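Spelled out, the chains give:
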Amino acid sequence: QLNLVESGGGSVQAGGSLKLSCEASGDTFRHYYVAWFRQSPGEEREFVARIGGSNTVVAYADSVKGRFTISRDNDKSTAFLQMNNLKREDTAVYFCAASFMHYTAQSRDYDYWGQGTHVAVSS
């Protein structure tokens, strides 16, 4: 069992920045692939970024490339999502997810989820 808790969401004006955190507990964090997803009202859950066991293997959705950075600190059992140059369309609930076996952009491949943290970007 892996527990995930997101934090760092809030309200920000377009062009601003936020850094989300995902703190894990209950199991050895470095053994899991981690991804960030987001979901807006009336929309399907959308892949944002993923990261392997270290910071050397990462992937991003086209919509956030060049603006968002995913990272992890295994010693602190925490993953991060640095979000820069935020746009109104980034408004969503952001979820941290983890998988022991899969490194994909599909939400159904992830076994563990946090409760989400809301990001609201105003123009």
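Keep in mind it's a predicted model, so treat the numbers as computed, not measured.

*Asks:* Even after reading the chapter, I still don't get the overall build of the protein chain, so can you show me in this structure?
*Replies:* Looking only at helices and strands, the protein chain features zero helices and eleven strands. Traced from its N-terminal end to its C-terminal end, the protein chain shows the element sequence β-β-β-β-β-β-β-β-β-β-β. Over its C-alpha atoms the protein chain spans a radius of gyration of 13 Å, differing by no more than 12% from the 14 Å that the globule rule assigns to 123 residues. Dimensions of the protein chain, computed from C-alpha atoms along their principal axes, come out at roughly 40 × 30 × 25 Å.

*Asks:* Sorry, what's going on with the nonpolar core here?
*Replies:* For soluble globular proteins, nonpolar side chains are generally found buried alongside one another. Trp 36, Val 48, Phe 68, Leu 81, Met 83 and Tyr 94 are the most contacted members of the largest nonpolar core, which has 33 residues in total. Where this core is concerned, the elements lending two or more residues are β3 (18-25), β4 (33-39), β5 (46-51), β7 (68-73), β8 (78-83), β9 (92-99) and β11 (117-122). Tallying contributions element by element places β9 first for this core, with five residues. When sequence neighbours within four positions are dropped, the list of residues in contact with Val 48 reads Trp 36, Phe 37, Arg 38, Ala 59, Tyr 60, Ala 61, Val 64, Phe 68, Leu 81 and Tyr 94.

*Asks:* Even after reading the chapter, I still don't get the pattern of salt bridges, so can you show me in this structure?
*Replies:* Side-chain pairs of opposite charge can arise whenever the charged atoms involved come near each other. Under the counting rule described, the total for this entry stands at four salt bridges. In this structure, the salt-bridge partner of Glu 46 is Arg 38, at a minimum N-O distance of 2.9 Å. Since its relative accessible area comes to 33%, Glu 46 is described here as partly exposed. Its relative accessible area of 5% is what places Arg 38 among the buried residues. Across the salt bridge formed by Asp 90 and Arg 67, the nearest N and O atoms sit 2.7 Å from each other. Of the two residues, Asp 90 is situated in the loop between β8 and β9 and Arg 67 in the loop between β6 (58-60) and β7; the sequence distance between them amounts to 23 residues. The pair formed by Asp 90 and Arg 67 is uniform in burial state, with each residue classed as buried. The structure contains a network of salt bridges with shared partners spanning Arg 38, Glu 46, Arg 67 and Asp 90.

Rules used throughout
Note that residues are indexed from 1 along each chain, following the sequence as it is written. pLDDT decides what is reported in this predicted model: residues at 70 or higher carry local features, side-chain atom pairs at 80 or more are listed and counted, and totals for whole chains, interfaces and linings draw on all residues regardless. Excluded from the side-chain calculations are hydrogens and water; all other atoms, namely the structure's heavy atoms, are used. Counting from the N terminus, the helices are DSSP H or I runs at least four residues long and the strands are E runs at least two residues long. Each radius of gyration reported is based on C-alpha atoms, and the globular scaling rule is 2.2 Å times the count of residues to the power 0.38. In this description, a nonpolar core means a group of buried Ala, Val, Leu, Ile, Met, Phe, Trp, Tyr and Cys residues linked to one another through side-chain atoms lying within 4.5 Å. Think of it in three bands: residues with accessible area under 20% of the maximum for their type are buried, residues over 50% are exposed, and the middle band is partly exposed, with areas taken using a 1.4 Å probe on protein chains only. Should any heavy atoms of two residues lie within 4.5 Å, those residues are counted as being in contact. Criterion for a salt bridge: a side-chain nitrogen of Lys or Arg within 4 Å of a carboxyl oxygen of Asp or Glu.

Just distances and angles here, no functional claims.
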